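Notes for the structure review
So the chains spell out like this:
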Amino acid sequence: MAPQFFYESSWSDSQVRKLRASSSFLGAQDSIRVVSYLEDQGVDTLDYVVCTHAHEDHVGGLSGPLNTCAAAQVFSPVREYDSKAFRDFVRYTEAQGLTPAAPSPDETFSLGGAVVTVLGPRRDYDDTNNTSIVLRVDFGETSFLFTGDMERDAEADLLSDGCDVSCTVLKVGHHGSSTSTSYPFLRAAMPEYAVISVGEDNSYGHPHEETLSRLYDAGCTVYRTDRLGTVVAVSDGTDVSFL
């Protein structure tokens, strides 16, 4: 089975990665839709569940998958956050006999035939967005970079620490906010494709024109869930195609 990357289309941020017999899931807000997608794909176990950071649009939909799928490991940059959505996430994690763990920078793990590298967070941050777990997924000659809501300060720290952020597909940070995807970061990443997970007619005005301009200047082909609905990227190890 070719690796599949699913980008959910509501105002949230989620990705399901399915590689051969292994699956992982990054959090979102819409539990029902994500659970439905997992069921359609025949996924009932998750090797990794990742809460990128504690904001509700990234953790709110994790309870559903944790309630319906057996999880092997659950990652989160923090163990406590004052919101019902996060407390529910912890409760469903603990119901499986697990505890959310913060992965270490530069830690690697396998996911089917892919290698996943934890790039961030690399510092302690006051801004919750910058605490986002940043993951690089390498499969053959293709690579995917998942940035959560990481903003410019955390991007700069990745670059200053010499992290390899080059990628075939970039999941654009913070739903296309102008506070993310800086020119220095984008020049280092140089993605062929950029996916913006964002809700239609959202009150934040995401994606911002400044971000879109930077992506187009870099020659990226941009996929937006507010215009296209759910986006699925498939890699065969050489090329990436979008469904």
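This write-up is about the structure you can find in this document.

**Observations concerning the pattern of salt bridges**
Per the stated rule, a full pass over the model turns up 10 salt bridges. Residues R123 and D161 are paired through a salt bridge, measuring 2.9 Å at the closest nitrogen-oxygen approach. In this pair, R123 is assigned in the loop between strand 7 (114–120) and strand 8 (134–139) and D161 in the loop between helix 5 (152–160) and strand 10 (169–171), connecting sequence segments 38 residues apart. Overall, the relative accessible area of 35% leaves D161 in the partly exposed class. With its nearest N and O atoms 2.8 Å apart, the salt bridge here joins R224 to D226.

**What about the packing of aromatic side chains?**
Inspection of the entire model under this criterion finds nine aromatic pairs. For the pair F144 and F146, a centre-to-centre distance of 6.4 Å together with 10° between the ring planes defines the contact as stacked. In terms of burial, F144 and F146 fall into one category: buried. Between Y193 and Y223 the ring centres are 6.4 Å apart and the planes differ by 50°, which places this aromatic pair in the tilted class.

**Digging into the pairing of strand 11 (residues 193–196)**
Side-chain alternation along strand 11 places Y193 and V195 on one buried face and A194 and I196 on a second face that is also buried. Pairing of strand 10 with strand 11, which is carried by three bridges, proceeds in the parallel orientation. Looking at strand 11, one finds that V169 is bridged to Y193. Once the chain exits strand 10 it traverses helix 6 (residues 183–189) before rejoining the sheet at strand 11, and the crossover so formed is right-handed. One crossover worth recording links strand 11 to the parallel strand 12 (residues 221–224) by way of helix 7 (residues 209–217), and it is right-handed.

**Digging into helix 7**
If you check which residues of helix 7 are buried, you get T211, L212, R214 and L215. Here the buried residues of helix 7 occupy an arc of 160° about the axis, which is enough to place them on one side. Opposite its buried face, helix 7 presents the exposed residues E209 and D217, each directed more than 90 degrees away. Residues of helix 7 that are buried in the fold lie against helix 5, helix 6, strand 11 and strand 12. One or two steps after helix 7, the chain reaches G219, where phi turns positive at roughly 80°.

**Some points on the sheet that holds strand 10**
One open sheet accounts for seven strands, arranged 6-7-8-9-10-11-12; its pairing is mixed. With partners counted over all chains shown, the strands left at the sheet margins are strand 6 (108–111) and strand 12, one partner each. When the angles between neighbouring strand axes are averaged without regard to direction, this sheet yields 20°. Contacts between helix 7 and the sheet are confined to strand 11 and strand 12, with strand 12 contributing the most and set at about 145° to the helix.

**Regarding the environment of A194**
Structurally, A194 is set in strand 11. Overall, the relative accessible area of 0% leaves A194 in the buried class. Along the sequence, A194 and Y223 sit 29 residues apart, while their C-alpha atoms lie 6.2 Å from each other. Setting aside its immediate chain neighbours within four residues, A194 contacts L170, V172, L215, C220, T221, V222 and Y223.

Analysis parameters
- Residues numbered from 1 in each chain as written.
- Predicted model: local features only at pLDDT ≥ 70, side-chain atom pairs only at ≥ 80, totals over all residues.
- Heavy atoms only, no water.
- Salt bridge = Lys/Arg side-chain N within 4 Å of Asp/Glu carboxyl O.
- Helix = DSSP H or I, 4+ residues; strand = E, 2+ residues; numbered from the N terminus.
- Buried < 20%, exposed > 50% of the residue type's maximum accessible area, 1.4 Å probe, protein only.
- Phe/Tyr/Trp six-rings, centres within 6.5 Å; stacked < 30°, edge-to-face > 60°.
- Pairing = 2+ DSSP bridges.
- Right-handed = clockwise from strand over helix to strand, strands pointing away.
- Arc of directions from axis to C-beta.
- Contact = heavy atoms within 4.5 Å.
- Axes fitted to C-alpha atoms, helices over the stretch in contact; angles between N-to-C directions.

Shape is all these values report; function is a separate question.
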